[in-house]
Amino acid sequence: MPGDRVDNHMSGTAGVSLQAGTIHGDVTVTSQPAPSAAAALRTLPADLASFTGREAELERIVRALEEHAGSGGVVQIDAIDGMAGVGKTAFAVHAAHHLAPRFPDGQIFVRLHAHTPGQRPVATADALFALLLSVGVAATQIPDSLEARAALWRDRMADRKALLVLDDATGSDQVRALLPGSARTLVLVTSRRRLSALPQAMPITLEVLSPPEAADLFVRLAARPDLKANDPAVRQLIRLCGHLPLAIGLMAGKLRHRPAWTVGDLARDLTSAADRPTALRAESHSVAAAFELSYQGLTPEQQQLFRRLGLHPGSDIDAYAAAALDGIDLVTAAALLDDLYAVHLIDEPACRRYRFHDLIRRHARSLAYQDPPADREAAVDRLLAYYLHTTRTVDDLLPGRYPQAYRRQAGARPSVMPELSGRGQAVEWMDSERLNLSAALNHAARHGRHGHAIGLASAMARYLQARGYWDQALALYRTAMSAARQAHDELGEAEGLFHIGDMEHMRDDYPAAVANFTQALHLYRRVSNRLGEANTLNDLGVVQSQMGHYPAAAASHEAALRLYESLGEEHGQGEAHAALSLVQYATGDFAAAAANAQAAMKFRTLEHTISRAGALSTLASIKHARGEYQAALAGFTEGLQLFRALGSRPGVANTLDLLGHVQRIIGDLAAADASFTEALKVHRVIGNPAGEATSLNGLGLVQGARAEYEKAMDTLTQAAELRHTIGHRLGQAESFNALGEVSLAAAGENQAREHYKQALEISREIGTPAEEARALEGLGRCYLADATSDEARTMLQLAEAIYQRLGSPNAERVRAILQEHDLSTGPG
């Protein structure tokens with residue numbers, strides 16, 4: 001039967017050999033198709049015992065029918081559309097059988113042969129002739145003109161309560177004159193085309209089956225007693241079939257007639273097949289044949305775009321990328337995409353973004369490889385050039401940490417690119433294209449286009465880092481770096497190593513980050529790229545700081561700053577000043593830290609950047625350390641707002657942690673809890689163990705302040721273990737101090753003393769005076785609890801001296817403790 005129906009939801013047109021002609025796949029297509037004889041059957045084809053799914057679609061028809069009854073309106077039309085092999089005819093027949101009792105004046109079924117190999121579609125006038133015969137009009141009484149036949153058909157159906165199935169229509173024009181005028185009639189039309197020119201028709205679009213439905217269908221059709229729908233092999237096979245009823249039916253039929261075969265045998269064959277749609281076959285039927293009938297109905301321009309879309313390495317496409325791929329203008333590309341969408345050769349999951357079903361993609365790709373190799377290569381080159389140039393344009397609109405050191409051109413600038421202005425549009429474009437860009441980069445690396453691979457990796461860096469796609473970024477940079485190495489492109493290899501180091505740093509693998517930065521430095525220096533050298537030195541300094549190597553970190557940042565100054569690179573200078581201020585803050589040189597943070601903010605290029613937000617946070621941290629809590633809250637809030645506006649998830653989470661500590665100190669525990677909890681969620685989403693540990697540490701201190709000591713110790717221990725795993729030395733000192741504070745509050749002086757001693761050892765080793773003073777104060781309090789006054793005096797006096805040097809209000813608190821216990825004098 002034409003359409004999509006044979007015994008197992010299969011297409012009745014696929015794979016049928018008729019008169020001799022040109023063979024396309026498994027379908028014989030005659031050069032001059034024979035006219036189709038119209039036949040109107042007064043009985044429905046048999047319903048399928050194996051029919052599976054489609055309950056929601058059937059319910060829509062029934063509900064509409066009930067709402068339509070008695071309304072006195074026009075005829076109800078349901079347009080059932082979908083891709084080849086999805087089961088449109090099977091569903092229409094199933095629905096007709098279900099509804100037949102409601103239509104006592106009969107059911108009529110007409111094949112319109114839009115996709116019958118070797119036959120032309122039925123002419124509307126011929127279909128009307130057959131319909132009039134089916135309702136008892138003698139052939140001699142049927143008029144010659146189309147208009148007269150249509151009028152007579154409407155007249156004869158005026159009082160009938162009947163159901164009409166028009167199967168496999170070419171489009172709206174073919175069926176418009178076949179529609180009765182009676183509101184008592186239901187018309188079901190099936191077509192591979194979306195019948196948008198029939199506005200009165202209710203569209204019922206059939207998608208492929210859900211995985212459970214597809215598995216149930218396969219098991220029922222295969223009819224093997226030992227086969228279960230939840231078998232892993234069955235799930236794999238239906239996935240390879242694309243959950244398409246036609247493909248599932250073909251494979252089930254093959255298994256049913258090959259008792260020596262298993263489902264795994266079928267799956268292995270499909271997995272290894274070079275052309276899966278052709279491999280999905282039984283006898284003369286195949287999925288490729290069904291797709292070929294749709295393809296043959298396209299114009300040459302539509303066919304060319306369809307083939308070239310098969311070359312696209314990504315998951316979806318818009319009109320701009322399609323225009324580049326096909327070498328056409330934007331208006332033409334958009335119109336051709338609409339044409340392919342109209343006949344279900346592509347889907348539209350989001351507005352103006354299109355994608356293939358996997359099997360149709362494979363068919364399009366197999367057709368593309370029939371084109372000359374030079375044409376295919378040129379199409380892919382145009383696509384890669386479009387992606388690279390547009391990504392670079394977008395990158396220039398995004399807030400970034402570093403100026404790009406790798407800007408080699410790769411391919412001519414495309415004539416058509418989206419007009420993007422501002423960060424919002426840039427992020428929106430990257431959000432839509434991220435997976436396509438990754439696929440394009442991998443394709444470029446595999447096919448010797450290393451310039452495109454490295455260029456895309458560099459242009460995506462700011463976005464991927466700010467949005468927290470660190471695992472994806474790391475994989476892409478490794479691919480790009482390997483491609484550059486194979487091509488002996490030392491600058492490209494250096495750029496890849498730099499970005500790999502950056503991601504290893506973000507993932508808190510500090511030794512790996514240092515190793516990659518060291519290799520990148522060597523290569524940048526060898527190719528005399530001072531900008532790349534400066535970028536790498538500055539990032540190396542950040543890692544050295546987090547490892548507690550503060551003198552080395554300061555030296556790296558200062559060397560980077562000198563290079564940026566020699567290049568006149570203001571953005572880089574701001575980055576280096578901001579990074580240097582963090583080192584100085586950690587080592588207690590608050591005056592120098594404030595000066596460098598202010599210097600970073602003077603550069604106009606950093607006015608709306610992540611570095612400016614970071615500098616704001618550094619200044620707020622200094623105010624926090626000096627006890628200016630309201631000013632610190634204001635500074636962190638401003639920095640947080642900027643990070644949110646910039647879309648920097650790491651920046652948002654880190655600033656929330658800093659804000660939470662101030663909120664805890666001023667006694668707003670609910671706000672602190674909320675800040676740390678939100679930060680923790682973000683750190684976990686983006687995969688930032690160091691940030692996760694910071695948030696846990698803050699939450700543990702909040703729990704301790706609420707006297708939830710057991711819970712607090714568990715949370716703080718988690719933080720300490722994370723920091724030990726990644727080697728975050730400053731974080732370890734903070735964790736041990738926090739554990740000491742909660743232990744002491746819970747009257748566990750001995751345990752607290754051990755924690756404080758560990759914090760003191762680490763803080764002195766890495767040279768961070770704030771944590772050293774905190775540990776000394778804690779030890780002094782422990783000794784006071786044990787009534788060991790000499791040790792208490794020594795520790796507290798040392799803590800007071802450090803606090804005083806840092807300008808911390810904690811000095812007054814320690815001085816008050818000394819006075820209270822009469823320890824102000826004596827050795828110190």
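Residues numbered from 1 in each chain as written. Predicted model: local features only at pLDDT ≥ 70, side-chain atom pairs only at ≥ 80, totals over all residues. Heavy atoms only, no water.

### Topic: the overall build of the protein
Argument step 1. A count of helices and strands for the protein gives 36 helices and twelve strands.
Argument step 2. Considering only C-alpha atoms, the protein reaches an extent of 125 × 60 × 55 Å along its principal axes.
Argument step 3. With 828 residues in all, the protein has 58% of them scored as buried.
Argument step 4. Relative to all contacts within the protein whose residues are 6 or more apart in sequence, the contacts with residues 24 or more apart total 68%.
Argument step 5. Accessible area for the protein stands at about 32900 Å²; split by element, carbon and sulfur atoms hold 51% of it.
Argument step 6. If the 81 positive side-chain charges of the protein are averaged to one point and the 95 negative ones to another, these points end up 4 Å apart. (Helix = DSSP H or I, 4+ residues; strand = E, 2+ residues; numbered from the N terminus. Buried < 20%, exposed > 50% of the residue type's maximum accessible area, 1.4 Å probe, protein only. Contact = heavy atoms within 4.5 Å. Areas by Shrake-Rupley, 256 points an atom, 1.4 Å probe, with all protein chains shown as cover. Lys, Arg positive; Asp, Glu negative; His and termini not counted. Charge placed at Lys NZ, Arg CZ, Asp CG, Glu CD.)

### Concerning the nonpolar core
Argument step 1. Grouped together as the largest cluster of nonpolar side chains are 223 residues, with contacts concentrated most on Phe-218, Phe-306 and Leu-309.
Argument step 2. Discounting chain neighbours no more than four positions away, the residues touching Leu-309 are Ile-317, Ala-322, Leu-325, Leu-337, Leu-340, Ile-346 and Phe-356.
Argument step 3. In terms of nonpolar packing, the next biggest core, distinct from the first, is built from 33 residues, Val-75, Met-157, Leu-166 and Leu-195 among them. (Core = buried A, V, L, I, M, F, W, Y, C linked by side-chain atoms within 4.5 Å.)

### Brief notes about the packing of helix H35 (residues 789–806) against helix H36 (residues 810–820)
Argument step 1. The interhelical angle for the contact between H35 and H36, taken along N-to-C directions, is 155°, at an axis separation of 8 Å. When the axes of H35 and H36 are compared, the pair comes out roughly antiparallel. Handedness of the H35/H36 crossing: left-handed. In contact with Arg-793, Leu-796, Gln-797, Glu-800, Tyr-803 and Gln-804 of H35, H36 contributes Asn-810, Ala-811, Arg-813, Val-814, Arg-815, Ile-817 and Leu-818. (Axes fitted to C-alpha atoms, helices over the stretch in contact; angles between N-to-C directions. Parallel < 35°, antiparallel > 145°, perpendicular 65-115°, else oblique. Left-handed = near helix turned anticlockwise from the far one by under 90°.)

### Focus on helix H29 (residues 669–686)
Argument step 1. Along its 18 residues, H29 runs 26 Å from first to last C-alpha, staying within 8% of the 26 Å computed at 1.5 Å per residue.
Argument step 2. Turning to H29, its buried residues number three or more, namely Ala-672, Ser-675, Phe-676, Ala-679, Leu-680, Val-682, His-683 and Ile-686.
Argument step 3. Contact partners of the buried residues in H29: helix H18 (450–467), helix H19 (470–486), helix H28 (649–665) and helix H30 (689–705).
Argument step 4. Remark: Gly-687 follows H29 within two positions and exhibits a positive phi of approximately 75°. (Expected span 1.5 Å × (residues − 1).)

### Overview of the pairing of strand S11 (residues 347–350)
Argument step 1. Bridging between S11 and strand S12 (residues 353–355) involves two bridges; their strand directions are antiparallel. Each residue of the ladder has a partner; that of Asp-347, found in S12, is Arg-355.
Argument step 2. If you look at the hairpin formed by S11 and S12, you'll find two residues sitting between the two strands, and Arg-352 has a positive phi there, around 65°. (Pairing = 2+ DSSP bridges.)

### Some points on the environment of Arg-193
Argument step 1. By the element assignment, Arg-193 lies in the loop between strand S7 (186–191) and strand S8 (201–205).
Argument step 2. Residue Arg-193 is classed as partly exposed on the basis of its relative accessible area, which comes to 34%.
Argument step 3. The spatial distance from the C-alpha of Arg-193 to the C-alpha of His-499 is 48 Å, given a sequence separation of 306 residues.
Argument step 4. Setting aside anything within four residues of it in sequence, one finds Arg-193 in contact with Asp-81, Thr-170, Gly-171, Ala-342 and Val-343.

### Some details on the packing of aromatic side chains
Within a pair of aromatic rings, the relevant descriptors are the distance that separates the centres and the angle that separates the planes.
Argument step 1. Taken as a whole and judged by the stated rule, the model has eight aromatic pairs.
Argument step 2. Judged by centre distance (6.5 Å) and plane angle (25°), the rings of Phe-51 and Phe-91 are stacked. Here Phe-51, found in the loop between strand S3 (40–41) and helix H1 (55–68), pairs with Phe-91, found in helix H2 (residues 88–99); they are 40 residues apart in sequence, far enough to count as distant. There is no split in this pair, since Phe-51 and Phe-91 are both buried.
Argument step 3. Aromatic side chains Tyr-463 and Tyr-469 sit 6.0 Å apart centroid to centroid with 35° between the ring planes, which places their arrangement in the tilted category.
Argument step 4. Its relative accessible area of 2% is what places Tyr-463 among the buried residues.
Argument step 5. A residue is classified by how much of its surface remains accessible, and Tyr-469, at 23% relative accessible area, is partly exposed.
Argument step 6. One aromatic cluster is present, built from ring pairs that chain together Tyr-295, Phe-306 and Phe-356.
Argument step 7. For Arg-194, the ring lying beneath its charged end belongs to Tyr-341, and the centroid distance is 3.6 Å.
Argument step 8. A cation over a ring is seen here: Arg-649 above Tyr-469, with NZ or CZ 5.5 Å from the ring centre. (Phe/Tyr/Trp six-rings, centres within 6.5 Å; stacked < 30°, edge-to-face > 60°. Lys NZ or Arg CZ within 6 Å of the ring centre and 35° of its normal.)

### Overview of the confidence of the model for the protein
Argument step 1. Mean pLDDT over the protein works out to 90, with 93% of the residues at or above the 70 mark.
Argument step 2. Below a pLDDT of 50 lies the segment residues 1–32, which in the model reaches 119 contacts outside its immediate sequence neighbourhood of four places, other chains included. (pLDDT = per-residue confidence, 0-100.)

### Here we look at the side chain of Asp-508
Argument step 1. Along the chain, the position of Asp-508 falls in the loop between helix H20 (490–506) and helix H21 (510–526).
Argument step 2. Apart from the residues lying within four places of it in its own chain, the contact partners of Asp-508 are Asn-688, Pro-689, Ala-690 and Ile-726.

### Focus on the pairing of S7
Residues in a regular strand point their side chains to alternate faces of the sheet.
Argument step 1. Burial of S7 is extensive: six of the six residues sit out of reach of the surface.
Argument step 2. Neither face of S7 is exposed, since Leu-186, Leu-188 and Thr-190 on one face and Val-187, Val-189 and Ser-191 on the opposite face are all buried.
Argument step 3. Sheet topology note: the strand S6 (residues 163–169)/S7 ladder contains five bridges and is parallel. Among the inter-strand pairings, Val-165 is bridged to a residue of S7, identified as Leu-188.

### Examining unusual backbone geometry
For residues that are not glycine, phi is negative in most cases, and the peptide bond is trans in most cases.
Argument step 1. Phi at Glu-283 takes a positive value of approximately 55°, unusual for a residue other than glycine.
Argument step 2. Note that Glu-283 resides in the loop between strand S9 (281–282) and strand S10 (285–286).
Argument step 3. For Glu-283, a relative accessible area of 77% gives the class exposed.
Argument step 4. Phi at Ala-707 takes a positive value of approximately 65°, unusual for a residue other than glycine.
Argument step 5. As for its position among the elements, Ala-707 is in the loop between H30 and helix H31 (709–726).
Argument step 6. Note on Ala-707: relative accessible area 45%, which makes it partly exposed.

### Considering the pattern of salt bridges
Argument step 1. Evaluated as defined, the whole model comprises 34 salt bridges.
Argument step 2. Between Arg-525 and Glu-533 there is a salt bridge, with its nearest N and O atoms 2.8 Å apart.
Argument step 3. The exposure class assigned to Arg-525 is partly exposed, which follows from its relative accessible area of 45%.
Argument step 4. Through salt bridges with shared partners, a single ionic network connects Asp-316, Asp-318, Arg-353 and Glu-433. (Salt bridge = Lys/Arg side-chain N within 4 Å of Asp/Glu carboxyl O.)

### Some points on the side chain of Ser-438
Argument step 1. Assignment of secondary structure puts Ser-438 in helix H17 (residues 422–446).
Argument step 2. Judged by relative accessible area, Ser-438 falls into the buried class, the value being 8%.
Argument step 3. Those residues within four positions of Ser-438 in sequence are excluded, and the remaining contacts are Met-460, Gln-472 and Leu-476.

### Thoughts on the environment of Ala-183
Argument step 1. Of note, Ala-183 is situated in the loop between helix H5 (172–176) and S7.
Argument step 2. Look at Ala-183 and you get partly exposed, because its relative accessible area is 25%.
Argument step 3. Sequence separation of Ala-183 and Lys-161 is 22 residues, and the distance between their C-alpha atoms is 8.4 Å.

### Some thoughts on the sheet that holds S8
Strand pairing in a sheet relies on backbone hydrogen bonds, with the paired strands running either antiparallel or parallel.
Argument step 1. The strand order across the open sheet built from six strands is S3-S5-S6-S7-S4-S8, with neighbouring strands paired in mixed fashion. Both edges of this open sheet fall to S3 and S8, since each of them pairs with a single strand only.
Argument step 2. The sheet contact formed by strand S5 (residues 107–111) and S6 spans five bridges and is parallel. Across the sheet, the residue bridging to Arg-111 is Asp-167, located in S6.
Argument step 3. Running over the sheet, H2 touches strand S4 (76–81), S5, S6, S7 and S8 and is turned about 165° from S7.

### Re the packing of H1 against H2
Argument step 1. Where H1 contacts H2, the axes come no closer than 11 Å and their chain directions differ by 45°. Viewed along their axes, H1 and H2 adopt a mutual orientation that is oblique. Judged by the twist between their axes, the crossing of H1 over H2 is right-handed. On H2, the residues that touch Glu-57, Leu-58, Ile-61, Val-62 and Leu-65 of H1 are Phe-91, His-94, Ala-95, His-98 and Leu-99.
Argument step 2. Counted by class, the contact of H1 with H2 contains seven nonpolar, two polar and one charged residues. (Nonpolar A, V, L, I, M, F, W, Y, C, P; charged D, E, K, R; others polar.)

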